[in-house]
Structures are given as C-alpha cells and as structure tokens.
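Each chain is listed here by its residues.
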Amino acid sequence: MHTQQIVHGGLDLSQAKKALIMTHGRGGNASDILSLAQSLHVENYALLAPQAMHNTWYPYSFMMPPSKNEPWLSSAIDVLKGVVEEVMKEGITTENIYFLGFSQGACLTLEFITRNATKWGGAVAFSGGLIGDKVYMENYKGNFAETPVFISCGDFDPHIPLERVHESTTILTNMGASVTEQIYDNKGHFISQDEVDRANKIIFI
C-alpha cells in the first residue's frame, strides 16, 4: 500500500496561509508535479506533493469498477486525507487548501474532493474525471459552497473519455462547485500552457 511520502516546496506550513496539494499521474512522481508550481501563481503557498508507491496510485484504468483498483484506490484516498490533516494541524482551514492533479492524479483529486465536498480553496484537474465504470453517487457527500474548480481535457484524450469529463462537471456543479470546464480540440495527453494560464486566472488568483 501507499505510505505517507510527501515532497514539500514553497513556504513552510507554519508560515503559509494557503496550501496546494499536487498529485502526480501514472508513471510520474512528486518532484515532477511539484516543478509545475514554477508556472503557477502560488508564491505564498505551502506546496505538498504526495508520492505514490511504484509511481502509480492504482493499477488499472480509472474507468474500471473501483473494486478492481482496490485496495490501492482506498489507500490513495487515505494518503490525500492524511495530507489534508497535516495541513489543517498547522491551522490552515479548508477554504485555504487547494488541489491540483494531472491524469491519474487529476482523477484521484476529483474523487477525493467530491467524496469530501466542502468549501475548499479551489481545485485543478488537468485531464481527469471521477473514478469508476459508472458514477457511484453514494460515495459523494457534502456541498462545495462555490469552490472554484477547473477541469480540462482534450476532446479525444486516449485515457479520459469526454463523457466522463462532462459527467464530473455536472456532478460537482450540482454539489455546489463553481466549475469551469475547458475542452481542447486535438490536444494530446499533456498539460498545455493555455491550461496553466487558465488555472492561474480561475483558481490561483
């Protein structure tokens, strides 16, 4: 199972008023996703990037039945829960906790915040959607209270079905999030400069 391995950056938690939890994708690592912060408006944030065991949060596609990805999926959710608890112990409240993920990390980010909907600072999901062969609404609870969320993806991403992106946007919106969805024509499975720019304008204001 995953362990609580966190790579830190930015301000020390004891000095920061805001925190950003950055979750890498399959085959990536915490240091890779943390380096993206250089392009974000997060100079005054504490940055925390958890590291997945063997660089993978769960073994199969996010579109598989969740049971197929257990116990890794639950372990990954627990890692993010532990990071949030670490941040909150330093006095940073949920409305000042932000999330960002790419690909598998974006799916995990959306799944975590929707299972724990509250007034978060904001969330960015680059190429991701809620996890499962179908949407399991019984897993989701709470209200986002206008939390800003940016979800982006290519229209024919080989890993992320567009229908699931739209479904995720609808569910988060219905749970009170202020979601901006951006779909790109013919964009591959990577983070574009335009996505970074939009994340800065919408989330990291």
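The sections below set out a description of the structure shown in this document.

### Points about the overall build of the protein
For the protein, the helix and strand inventory stands at 5 helices and 7 strands. The linear arrangement of helices and strands in the protein, starting from the amino end, is β-β-α-β-α-β-α-β-β-α-β-α. For 205 residues, the compact-globule formula gives about 17 Å, and the C-alpha radius of gyration of the protein, at 15 Å, lands near that figure. Here the C-alpha coordinates of the protein stretch approximately 40 × 35 × 30 Å along the principal axes. Relative to its full complement of 205 residues, the protein shows a buried share of 55%. Restricting to contacts in the protein with at least 6 residues of sequence separation, those with at least 24 account for 79%. For the protein, the exposed surface amounts to about 8800 Å²; the carbon and sulfur share of it is 50%.

### With respect to the packing of aromatic side chains
Across all of its chains, the model carries 7 aromatic pairs by this definition. When the ring of Tyr 45 is compared with that of Phe 204, the centres are 6.0 Å apart and the planes differ by 80°; the resulting orientation is edge-to-face. Here Tyr 45, found in strand S3 (residues 45-50), pairs with Phe 204, found in the segment after helix H5 (193-202); they are 159 residues apart in sequence, far enough to count as distant. Residue classification places Tyr 45 among the buried residues on the basis of a relative accessible area of 6%. Judged by relative accessible area, Phe 204 falls into the buried class, the value being 1%. Each ring, one from Phe 99 and one from Phe 112, has its centre 5.9 Å from the other, and the planes form 45°; the classification is tilted. Residue Phe 99 is found in strand S4 (residues 97-102), and its partner Phe 112 is found in helix H3 (residues 104-115); the two are separated by 13 residues along the sequence. Each member of the pair, Phe 99 as well as Phe 112, is classed as buried. For Lys 187, the ring lying beneath its charged end belongs to Phe 190, and the centroid distance is 4.6 Å.

### Concerning the nonpolar core
Generally speaking, nonpolar side chains in soluble globular proteins are found buried as a group. Phe 99, Ile 113 and Leu 172 are the most contacted members of the largest nonpolar core, which totals 47 residues. Secondary structure elements with two or more residues in this core: strand S2 (18-23), S3, helix H2 (72-89), S4, H3, strand S5 (122-126), strand S6 (148-154) and helix H4 (162-174). With 8 residues, the single largest contributor to this core is H2. In this structure, Leu 172 is in contact with Leu 110, Ile 113, Thr 114, Leu 130, Phe 144, Val 149, Ala 177 and Val 179, ignoring residues within four places of it in sequence. In terms of nonpolar packing, the next biggest core, distinct from the first, is built from 23 residues, Leu 40, Leu 47, Tyr 98 and Phe 204 among them.

### A short note on the packing of H2 against H3
Between H2 and H3, the least distance of the axes is 10 Å, while the angle of their chain directions is 70°. Overall, the two elements H2 and H3 adopt an arrangement that is roughly perpendicular. For the crossing formed where H2 meets H3, the hand is right-handed. Between H2 and H3, the contacting residues are Leu 73, Ala 76, Ile 77, Leu 80, Lys 81 and Val 84 on the first element and Leu 108, Thr 109, Glu 111, Phe 112 and Arg 115 on the second. Per-class residue counts for the contact of H2 with H3 are 7 nonpolar, 1 polar and 3 charged.

Reading the values: rules and limits
Residues numbered from 1 in each chain as written. Predicted model: local features only at pLDDT ≥ 70, side-chain atom pairs only at ≥ 80, totals over all residues. Heavy atoms only, no water. Helix = DSSP H or I, 4+ residues; strand = E, 2+ residues; numbered from the N terminus. Rg over C-alpha atoms; globule rule 2.2 N^0.38 Å. Buried < 20%, exposed > 50% of the residue type's maximum accessible area, 1.4 Å probe, protein only. Contact = heavy atoms within 4.5 Å. Areas by Shrake-Rupley, 256 points an atom, 1.4 Å probe, with all protein chains shown as cover. Phe/Tyr/Trp six-rings, centres within 6.5 Å; stacked < 30°, edge-to-face > 60°. Lys NZ or Arg CZ within 6 Å of the ring centre and 35° of its normal. Core = buried A, V, L, I, M, F, W, Y, C linked by side-chain atoms within 4.5 Å. Axes fitted to C-alpha atoms, helices over the stretch in contact; angles between N-to-C directions. Parallel < 35°, antiparallel > 145°, perpendicular 65-115°, else oblique. Left-handed = near helix turned anticlockwise from the far one by under 90°. Nonpolar A, V, L, I, M, F, W, Y, C, P; charged D, E, K, R; others polar.

These values are about where atoms sit, not about what they do.
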